[in-house]
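# Understanding the architecture of this molecule
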Amino acid sequence: MARPMERALELMVSTFHKYSGKEGDKHKLNKAELKELVTKELPSYISKQTDEASFQRLMKNLDSNRDQEVDFQEYATFLACMAMMCNEDFHDCPDKMPRNM
């Protein structure tokens, strides 16, 4: 039986591949695939009012090698940043800190 952290890693990888390659390279996310992933998988963090310019900025910030796509390393960096933001929220609200899983 997989431990919670192992399941989290499996979910991180499988989620990337669920969206990558629908159009073009199956190992990368283009802007439309990234937008779909973020909209469907992170709705609590992305406003329904997020405009196209916001997604364009997100894509530009994530695409460190400037190939107009987000590879797995760039995606993993994005998730690490999201995790750090969540951790900061827990610091601001210690009563929300998860204790047992």
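Residues numbered from 1 in each chain as written. Predicted model: local features only at pLDDT ≥ 70, side-chain atom pairs only at ≥ 80, totals over all residues. Heavy atoms only, no water.

### Brief notes about the overall build of the protein
A count of helices and strands for the protein gives four helices and two strands. Walking the protein from its N terminus toward its C terminus, one meets helices and strands in the order α-β-α-α-β-α. Burial status across the protein gives 25% buried among its 101 residues. A sequence separation of at least 24 residues applies to 42% of the contacts in the protein between residues at least 6 apart. Taken as a whole, the protein presents about 7500 Å² of accessible surface, with 56% of it coming from carbon and sulfur. (Helix = DSSP H or I, 4+ residues; strand = E, 2+ residues; numbered from the N terminus. Buried < 20%, exposed > 50% of the residue type's maximum accessible area, 1.4 Å probe, protein only. Contact = heavy atoms within 4.5 Å. Areas by Shrake-Rupley, 256 points an atom, 1.4 Å probe, with all protein chains shown as cover.)

### Topic: the pattern of salt bridges
A complete count under the given rule lists six salt bridges for this structure. Residue lysine 22 pairs with glutamate 36 through a salt bridge whose shortest N-O separation is 3.1 Å. Of the two residues, lysine 22 sits in the loop between helix H1 (4-19) and strand S1 (28-29) while glutamate 36 sits in helix H2 (residues 31-41), which places them 14 residues apart along the sequence. Linked through salt bridges whose partners overlap, the residues forming this network are Lys22, Glu36 and Lys40. (Salt bridge = Lys/Arg side-chain N within 4 Å of Asp/Glu carboxyl O.)

### Describing the packing of H2 against helix H3 (residues 52-62)
Interhelical geometry of H2 versus H3 gives an angle of 105° and a closest axis separation of 10 Å. Here H3 runs roughly perpendicular to H2, going by the angle between their axes. Residue-level inspection shows Lys31, Leu34, Lys35, Val38 and Thr39 of H2 in contact with H3, the latter providing Glu52, Phe55, Gln56, Leu58, Met59 and Leu62. Residue composition of the contact of H2 with H3, grouped by class: six nonpolar, two polar and three charged. (Axes fitted to C-alpha atoms, helices over the stretch in contact; angles between N-to-C directions. Parallel < 35°, antiparallel > 145°, perpendicular 65-115°, else oblique. Nonpolar A, V, L, I, M, F, W, Y, C, P; charged D, E, K, R; others polar.)

### Regarding unusual backbone geometry
For arginine 66, which is not a glycine, the phi torsion comes out positive at approximately 60°. Summarising the element assignment, arginine 66 is placed in the loop between H3 and strand S2 (70-71). Non-glycine residue glutamine 68 carries a positive phi angle of around 70°.

### Side note on the packing of aromatic side chains
The relative placement of two aromatic rings is captured by the distance of their centres and the angle of their planes. This model, assessed by the stated rule, comprises three aromatic pairs. Consider the rings of phenylalanine 16 and phenylalanine 72, whose centres lie 5.2 Å apart with planes at 90°: the pair is edge-to-face. You can see phenylalanine 16 sitting in helix H1 and its partner phenylalanine 72 sitting in helix H4 (residues 72-92), a full 56 residues away along the chain. With relative accessibility at 0%, the residue phenylalanine 16 sits in the buried group. We classify phenylalanine 72 as partly exposed; its relative accessible area is 28%. Residues phenylalanine 72 and tyrosine 75 carry aromatic rings whose centres are separated by 5.5 Å and whose planes lie at 50° to one another, so their mutual orientation is tilted. Residue phenylalanine 72 and its partner tyrosine 75 are located together in helix H4, separated by three residues, close to a single helical turn. (Phe/Tyr/Trp six-rings, centres within 6.5 Å; stacked < 30°, edge-to-face > 60°.)

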